[in-house]
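# A structural walkthrough
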Amino acid sequence: MKKIIFSHFENIRDKTPKTITADDFINSIRTGDVNGNCIKPVIERIRRTQDRDERGKLKKGLPAVTISAICQKGHKKADIISLTHFLQIDIDKIENPEAIKKVLSQDPYLYLLFVSPSGNGIKGIIYTGERNHKDAFQALKTYFLKQYELTIDEQVKDESRLCFYSFDPDIYVNPDAATFEMPTLQSPPRNETTRIKVEDVVGKVESAQLDFTASYEDWLKLAFAFVDEFGADGEQYFHRISKFYGGYSHESCSDQYLKCLHDGSHSVGIDFFFEKAGKLLPSIEVSNSPIPPIPAATSLNNIKFYQPSYDKDGQLKDIKIDYMKWIDLLYGLGFRRFDIDMNFSFVSVQDQIIQEVSVTHIQDAFINYLEGLPENLGEGITKESIIGKIYRNPSHYFCDKRLNLLKPKQPFVFNYDTKDECYIYYRNGFVKCTSSGYKLSAYTELKGLIWRDQIVDRDFAPVDIDSLPPDVKGDFSAFLLNICGKDEKRFNALRTIIGYLLHSFYAGKLKAVVFTDSKISDSPSGRTGKTLLGQALGYLKKYTEINGKDFDPANKHKYSQAHLDTQIIHLNDVRKHFDFETVFNDITEGIVVDIKNAKPFKIKSKLIVSTNQTLRIEGASAKDRAVEFEFADHYSENYSPEDEFGHWFFRDWDNGQWQLFDNFCLGCIATYLAEGVITPVQINLNRRKLHQTTSVEFVEFMDSLVSEGQIKAGIEYEKKDLYLKFVEDCPDFAELKGAKQRRFTEWLRNYARYSGYFSPVEPERHERKSGVARYIVFPPP
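Every value quoted in this text rests on a predicted model; they were computed, and no experiment measured them.

### Observations regarding the overall build of the protein
- Of the regular secondary structure elements, the protein holds 29 helices and 34 strands.
- Projected onto the principal axes, the alpha-carbon positions of the protein cover approximately 110 × 80 × 50 Å.
- Burial analysis of the protein (781 residues in total) assigns 49% to the buried set.
- Put simply, 72% of the contacts in the protein that link residues at least 6 apart link residues at least 24 apart.
- Carbon and sulfur atoms provide 48% of the accessible area of the protein, an area that totals close to 37800 Å².
- Between the averaged position of the 102 positive side-chain charges in the protein and that of its 111 negative side-chain charges there is a distance of 4 Å.

Here you go:
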């Protein structure tokens, strides 16, 4: 165990912490002596006192340390100088702390264990290594609940949390304690197709904002369903379907899932989730069972995979299976082995549509085929006798050992969008979009294979939407016109952006689409329609939405919610000051999806970044990777599309609205293929960037100088003169906001970049120094 120091506080009010070594801390707890001050009598009084308030008052007078952080001045987050990467464990309200301490002393990760000041709890210390503190806490919380059925106090998530000294002569110390490793919770093997279907249905639940949790019993069953299918990884889905309950709490939801994970009696399967969703989403097919393959009749009947075996009296003794012909029959039914790196799964191929299937589904399809045979098959063999033979020992036939012989006779060739073509797949056929329009065709005409999960779960019918008057083109078209401020040029530009996002072709010059607001405000509140537009695209292409507030570009698991078939990723509502450059490679080179406890894989995906703020996108390389679109302030937290249209989008649409939606979006794709992405005319984008990278006072100051002719393009100005004039006009600014000369220079550059009066300042060309003086020239626009 590495040597460590803690920040020591004389009491809770101490603002001048000192540092002590772990050895001194341990010795103080063992002896009850802290820097010559005996705390043993105070601890004994706390343990005798029944009054909770009195105990709390006495504890606040005890000395304390910050286990996880080295602090200065105080013990708030702002006072943290550095992290120790140790984490304290608080387990309260224990009847027999010594017994629990004895059990936990066998744990390889615990460095220290001692009885808490109250006498009815245990405090422990664990080294977590170079990990994010909150991630380490969540992992430890799961570990202790699963391993010991003990719940850690949530408050230790705070890095600056105080740990009061205690008195425990038998403090446990393990100097050789191991660095805590994130626990590998065993998830049951899962069908990737099922995960994709769950993601799809959960997305629909989120779009409809359905409350799945009205019944506590159903809520528990849903937790067990996700545990049964995904193990620890299913918690994300449990949160996503629980969040629309009015009393939703992330903490209680997480605790409930962990209890179900630990319970072990997972009698509820994932089909319960699909059944529940089917009742709440009656217009959406949510069954988890693949459609059984349709047997090919006459040609398969010629494959005789069985032979009679007679006894010496000529009576039928047995039926022998010719496994080579039996495999040919299954191959004829459309089953294949599908290799994925060093692993494989089984698939069914029918009419260019491929879907992953289980061994059980292959067995069921084969039985269905047998039941369609004539009753009498000749040579004394009946249909029932063959079915009976299979039923007596099904695992003998339907097992990986035999079925892995279903090696495909030719490579799988999939259908992809090309530079000039985009495909959308519906139940009744596929639509090919080109620059001249779009057309519905039967799947028999499709050249390559597609996954069944790519098929949109509705039929398509062509509508000449361009000939319709604006007021009957559908809700979605009207919604888009509103977020464009009813500006036809911006509306047409947005149509090409939508077409670009729906075109799953990645060999050209790729860009991220940035959705932002147009309203100039000191406190942007959003709700302008950015999320709704992103989710709308998910009804045509595979879409993954990631909470932008939780998105950490440095975290290797940042895209773990994406899948192999994800075609659009939406970083929704990213943090203020999001660094756009951190996603450059993701836009152009592809996205690495690293899911915990799984092998990383790389995908190509179109990227949406939405924000209530503005993003700093500067330089040719950055601008070449982004197209920014501002949403008009038609919608807000006080006026939603539901208020305007009188119903929920998607959830409440009838078939007519869906047909208008589909035809409108297909038209967007065709327009994009014909014209490319049209850059939208700005509303307030640069003005908002100017306000957010400087200050309102500064912008007003500079606008005044420009309008009065005191600042002109091509004329040299001394920066200090401008700075002093600004501070003179705004005397409180320097003191309250800390504006220094260097920061002021950056503001001058931002003004040139975003105001529209000048061209961007290039420091090497437009700035110079002479002695102590510094000069700037604003280049003409």
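### Focus: the confidence of the model for the protein
- Residues at a pLDDT of 70 or more form 92% of the protein, whose mean pLDDT is 85.
- Per-residue pLDDT stays below 50 along residues 183–190; that stretch engages in 22 contacts with residues further than four places along the chain or on separate chains.
- Below pLDDT 50 for its whole length, residues 283–298 participates in 34 contacts with residues either more than four positions away or in separate chains.

### Here we look at helix α13 (residues 359–371)
- Along its 13 residues, α13 runs 19 Å from first to last C-alpha, staying within 8% of the 18 Å computed at 1.5 Å per residue.
- Here α13 has its buried residues at I362, A365, F366, I367, Y369 and L370.

### Overview of the environment of D351
- Checked against the element boundaries, D351 lands in the loop between β16 (343–350) and β17 (353–357).
- According to the relative accessible area criterion, D351 is exposed, its value standing at 52%.
- With 95 residues separating them along the chain, D351 and L446 place their C-alpha atoms 8.5 Å apart.
- Discounting residues that sit within four places of it in the chain, D351 has contacts with Y443 and T444.

### A look at the packing of helix α7 (residues 216–230) against helix α8 (residues 235–242)
- Interaxial distance between α7 and α8 falls to 9 Å at its minimum, and their mutual angle equals 150°. Judged by the inter-axis angle, α7 sits roughly antiparallel to α8. Here α7 and α8 pass one another in a crossing that is right-handed. Judged by residue contacts, W219, L222, A223, F226 and F230 of α7 engage Y237, F238, I241 and S242 from α8.
- Tallied by class, residues from the contact of α7 with α8 come to eight nonpolar, one polar and no charged.

### Observations regarding the nonpolar core
- In this structure, F476, F479, L480, L533, L571 and F580 are the most contacted members of the largest nonpolar core, which totals 76 residues.
- Core analysis: the second largest hydrophobic core is formed by 32 residues, F6, I43, F86 and F114 among them.

### A short note on the sheet that holds strand β8 (residues 86–91)
- Spatially, four strands are ordered β8-β10-β9-β12 in an open sheet, and the strand pairing comes out antiparallel. Strands with a single pairing partner mark the edges of an open sheet, and in this sheet they are β8 and β12 (172–173).

### Brief notes about the packing of aromatic side chains
- Evaluated as defined, the whole model comprises 69 aromatic pairs.
- Note on F25 and Y165: the rings are 5.1 Å apart at their centroids and 65° apart in plane angle, and the pair reads as edge-to-face. You can see F25 sitting in helix α1 (residues 22–31) and its partner Y165 sitting in the loop between β11 (162–164) and β12, a full 140 residues away along the chain. Of the two residues, F25 and Y165, neither departs from the other in class, the shared state being buried.
- Here the aromatic rings of F476 and F661 are separated by 5.0 Å at their centres, their planes lie at 75°, and the arrangement is edge-to-face. Of the two residues, F476 is situated in helix α17 (residues 475–483) and F661 in helix α23 (residues 655–675); the sequence distance between them amounts to 185 residues. You'll find F476 and F661 in the same group, each marked buried.
- Lying across the ring of Y323, R402 places its NZ or CZ 3.9 Å from the centre.
- Positioned above the aromatic ring of Y775 is the side chain of R768, whose terminal nitrogen or guanidinium carbon lies 4.5 Å from the ring centre.

### Quick notes on the environment of I683
- Looking at the element boundaries, I683 is found in the loop between α23 and α24 (685–693).
- On the basis of relative accessible area, I683 is assigned to the partly exposed category, the value being 37%.
- For I683 and F629, which are 54 residues apart along the polypeptide, the C-alpha to C-alpha distance reads 9.3 Å.
- Apart from residues no more than four positions distant in its own chain, I683 is found in contact with R490, S518 and E630.

### Some remarks on unusual backbone geometry
- A positive phi angle, near 55°, is found at N35, a position not held by glycine.
- Relative to the elements of secondary structure, N35 occurs in the loop between β3 (33–34) and β4 (37–38).
- Residue classification places N35 among the exposed residues on the basis of a relative accessible area of 60%.
- Although it is not a glycine, D351 sits at a positive phi angle of roughly 50°.

### Topic: the pattern of salt bridges
- For the structure on display, the rule yields 30 salt bridges.
- Two residues, E767 and R749, come together in a salt bridge whose shortest N-O distance is 2.7 Å. Taken together, the residues E767 in strand β33 (residues 767–770) and R749 in helix α28 (residues 741–754) connect sequence positions 18 residues apart.
- The residue E762 makes a salt bridge to R765 at a minimum N-O spacing of 3.6 Å.

### Considerations on empty space enclosed by the protein
- All told, the structure shown has one cavity of 30 Å³ or more when counted by the stated rule.
- Around the largest cavity, the lining residues are S68, L83, H85, F86, T128, R131 and H133.

### Things to note about the sheet that holds strand β1 (residues 5–9)
- On the basis of which strands lie adjacent, the open sheet formed by four strands has the order β2-β1-β5-β11 and antiparallel pairing. The open sheet has two edge strands, β2 (18–21) and β11, and neither has a second partner. Ignoring which end each strand starts from, the neighbouring axes of this sheet average 40° apart.
- Bridge count for β1 against strand β5 (residues 64–66) is three bridges, and the pairing is antiparallel.

### Section: the side chain of T84
- Note that T84 resides in the loop between β7 (80–83) and β8.
- By relative accessible area, which is 7% here, T84 ends up buried.

### As for the packing of helix α26 (residues 719–729) against α28
- In the contact formed by α26 and α28, the axes pass within 10 Å of each other and the chain directions differ by 95°. On the basis of the axis angle, α26 is roughly perpendicular to α28. For the pair α26 and α28, the contacting residues are K719, K720, L722, Y723 and F726 in the first and Q741, F744, T745, W747 and L748 in the second.
- Looking at side-chain class alone, the contact of α26 with α28 contains six nonpolar, two polar and two charged residues.

Thresholds applied
Residues numbered from 1 in each chain as written. Predicted model: local features only at pLDDT ≥ 70, side-chain atom pairs only at ≥ 80, totals over all residues. Heavy atoms only, no water. Helix = DSSP H or I, 4+ residues; strand = E, 2+ residues; numbered from the N terminus. Buried < 20%, exposed > 50% of the residue type's maximum accessible area, 1.4 Å probe, protein only. Contact = heavy atoms within 4.5 Å. Areas by Shrake-Rupley, 256 points an atom, 1.4 Å probe, with all protein chains shown as cover. Lys, Arg positive; Asp, Glu negative; His and termini not counted. Charge placed at Lys NZ, Arg CZ, Asp CG, Glu CD. pLDDT = per-residue confidence, 0-100. Expected span 1.5 Å × (residues − 1). Axes fitted to C-alpha atoms, helices over the stretch in contact; angles between N-to-C directions. Parallel < 35°, antiparallel > 145°, perpendicular 65-115°, else oblique. Left-handed = near helix turned anticlockwise from the far one by under 90°. Nonpolar A, V, L, I, M, F, W, Y, C, P; charged D, E, K, R; others polar. Core = buried A, V, L, I, M, F, W, Y, C linked by side-chain atoms within 4.5 Å. Pairing = 2+ DSSP bridges. Phe/Tyr/Trp six-rings, centres within 6.5 Å; stacked < 30°, edge-to-face > 60°. Lys NZ or Arg CZ within 6 Å of the ring centre and 35° of its normal. Salt bridge = Lys/Arg side-chain N within 4 Å of Asp/Glu carboxyl O. 1 Å grid on protein atoms, 1.4 Å probe; cavity = no way out; pocket = protein on both sides within 12 Å on 5 of 7 lines; lining within 4 Å. Points joined across faces, edges and corners; volume = space filled by probe spheres on them.

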